[in-house]
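# Observations on chain architecture
Given next are the chains, with one letter for each unit.
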Amino acid sequence: MTIDWKKTTQQGWIDAIEKDGYDIVGTLKFYNGRRISKKNALAIHKAYWHKVDRTLFGLAADKGYGVERWCFTEYGKDEKNLHIHFVAKSPLAVLPTCAILNALWVGIKGCTANAHGNWITPIQEPQDAIGYVVKDARHLKTDKIGEATSHTNKPGTNLETFDTEAQIRRITSRLSNEQLTTSYQALEMQIIETTKRAQKRQARENRTL
């Protein structure tokens, strides 16, 4: 999927992403997003996604194989708290992929948030989830971090052909049981909280009908 960053509207992003089968939504935070520079944030995000792709696809990552994702920079309500929202397609089962993505982000150069500080879950309501991820796209003519870290595979790429056992070995060589357990615990709580928020939002909408 090719998108023109400078010309695509917020609704254009929502429509394009929703129809393309993304199933994970995430927020990657820094320990202190107000103190991280754009240059360092870009370097850390590029290193992170390279680590993700190498973990899941081995040396094939150097040939262009990777987790398909769209990444968007946001600065928070005060426009000073840099963090990244993303949507992704899980190359494994969705829940393990969420946990792995979170665990791999934790602790990079001492700058990134812990597993409970990030937010990576399966997409439950596509329009709402994608709308939240791209909400600041309307303010940006371009997004250097997002452009540099987003990735789509070549048409016809089949990620199901990768050796599952080799993927598991790479994952367990990079992440301990403790790290994965912590990420799963965060994931479980975040899914519950996401469901509660959706129920409250639906209740409000029902009251206005």
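Attention in this report is confined to the structure presented alongside it.

Parameters and conventions
Residues numbered from 1 in each chain as written. Predicted model: local features only at pLDDT ≥ 70, side-chain atom pairs only at ≥ 80, totals over all residues. Heavy atoms only, no water. Phe/Tyr/Trp six-rings, centres within 6.5 Å; stacked < 30°, edge-to-face > 60°. Helix = DSSP H or I, 4+ residues; strand = E, 2+ residues; numbered from the N terminus. Buried < 20%, exposed > 50% of the residue type's maximum accessible area, 1.4 Å probe, protein only. Salt bridge = Lys/Arg side-chain N within 4 Å of Asp/Glu carboxyl O. Axes fitted to C-alpha atoms, helices over the stretch in contact; angles between N-to-C directions. Parallel < 35°, antiparallel > 145°, perpendicular 65-115°, else oblique. Left-handed = near helix turned anticlockwise from the far one by under 90°. Contact = heavy atoms within 4.5 Å. Nonpolar A, V, L, I, M, F, W, Y, C, P; charged D, E, K, R; others polar. Patch = residues over 30% accessible without salt bridge, like charges linked within 9 Å, V, L, I, M, F, W, Y side chains within 5 Å. Areas by Shrake-Rupley, 256 points an atom, 1.4 Å probe, with all protein chains shown as cover. Lys, Arg positive; Asp, Glu negative; His and termini not counted. Charge placed at Lys NZ, Arg CZ, Asp CG, Glu CD. Pairing = 2+ DSSP bridges.

## Here we look at the packing of aromatic side chains
Here the structure, examined in full by the defined rule, presents 8 aromatic pairs. For the pair Phe30 and Trp105, a centre-to-centre distance of 5.5 Å together with 65° between the ring planes defines the contact as edge-to-face. With Phe30 in the loop between strand 1 (24-28) and helix 2 (38-57) and Trp105 in helix 3 (residues 94-105), the pair connects residues that are 75 residues apart, well separated along the chain. Each member of the pair Phe30 and Trp105 is classed as buried. Judged by centre distance (5.3 Å) and plane angle (85°), the rings of Trp49 and Phe86 are edge-to-face. Taken together, the residues Trp49 in helix 2 and Phe86 in strand 3 (residues 83-88) connect sequence positions 37 residues apart. Each member of the pair, Trp49 as well as Phe86, is classed as buried.

## Side note on the pattern of salt bridges
Taken as a whole and judged by the stated rule, the model has 6 salt bridges. Ionic pairing is found between Arg34 and Asp78, a salt bridge with its closest N-O pair at 2.9 Å. Residue Arg34 is found in the loop between strand 1 and helix 2, and its partner Asp78 is found in the loop between strand 2 (69-74) and strand 3; the two are separated by 44 residues along the sequence. Classification of Asp78 by relative accessible area gives partly exposed; the value is 35%. One salt bridge in this structure joins Lys89 and Glu68, with 3.3 Å as the shortest N-O distance. Taken as a pair, Lys89 in the loop between strand 3 and helix 3 and Glu68 in the loop between helix 2 and strand 2 lie far apart in primary sequence, 21 residues in all. On the accessibility criterion, Lys89 (22% relative accessible area) is partly exposed. Note on Glu68: relative accessible area 15%, which makes it buried.

## What to know about the packing of helix 1 (residues 10-18) against helix 4 (residues 126-133)
At a closest axis distance of 9 Å, the pairing of helix 1 and helix 4 adopts a crossing angle of 130°. Judged by the angle between their axes, helix 1 and helix 4 are oblique. Handedness of the helix 1/helix 4 crossing: right-handed. The segment helix 1 lies against helix 4, with Gln10, Gln11, Trp13, Ile14, Asp15, Ile17 and Glu18 engaging Pro126, Gln127, Ile130 and Gly131. Grouping the constituent residues of the contact of helix 1 with helix 4 by class yields 5 nonpolar, 4 polar and 2 charged.

## A closer look at the environment of Gly117
Following the sequence through the fold, Gly117 ends up in the loop between helix 3 and strand 4 (119-122). We classify Gly117 as partly exposed; its relative accessible area is 25%. Distance from Gly117 to Trp70, taken between C-alpha atoms, is 20 Å for residues 47 residues apart in sequence.

## Some thoughts on a positive patch on the surface
There is a patch of like positive charges on the surface, built from Lys196, Lys200, Arg204 and Arg207. Tracing the sequence through the fold places Lys200 in helix 7 (residues 177-208).

## Quick word on helix 4
Among all positions of helix 4, only Ala129, Ile130, Gly131 and Val133 are buried. Its buried side turned inward, helix 4 meets helix 1, strand 1, strand 2 and strand 3.

## Details of the sheet that holds strand 4
Pairing in this open sheet of 4 strands is antiparallel, and the strands run 2-3-1-4 from one edge to the other. Unpaired on one side and paired on the other, strand 2 and strand 4 mark the two borders of the sheet. On average, adjacent strands in this sheet sit at an angle of 10° to one another, irrespective of strand direction. Bridging between strand 1 and strand 3 involves 5 bridges; their strand directions are antiparallel. Opposite Val25, over in strand 3, you have Val87 as the bridge partner. Sitting on the sheet, helix 4 is in contact with strand 1, strand 2 and strand 3, with an inclination near 145° to strand 3.

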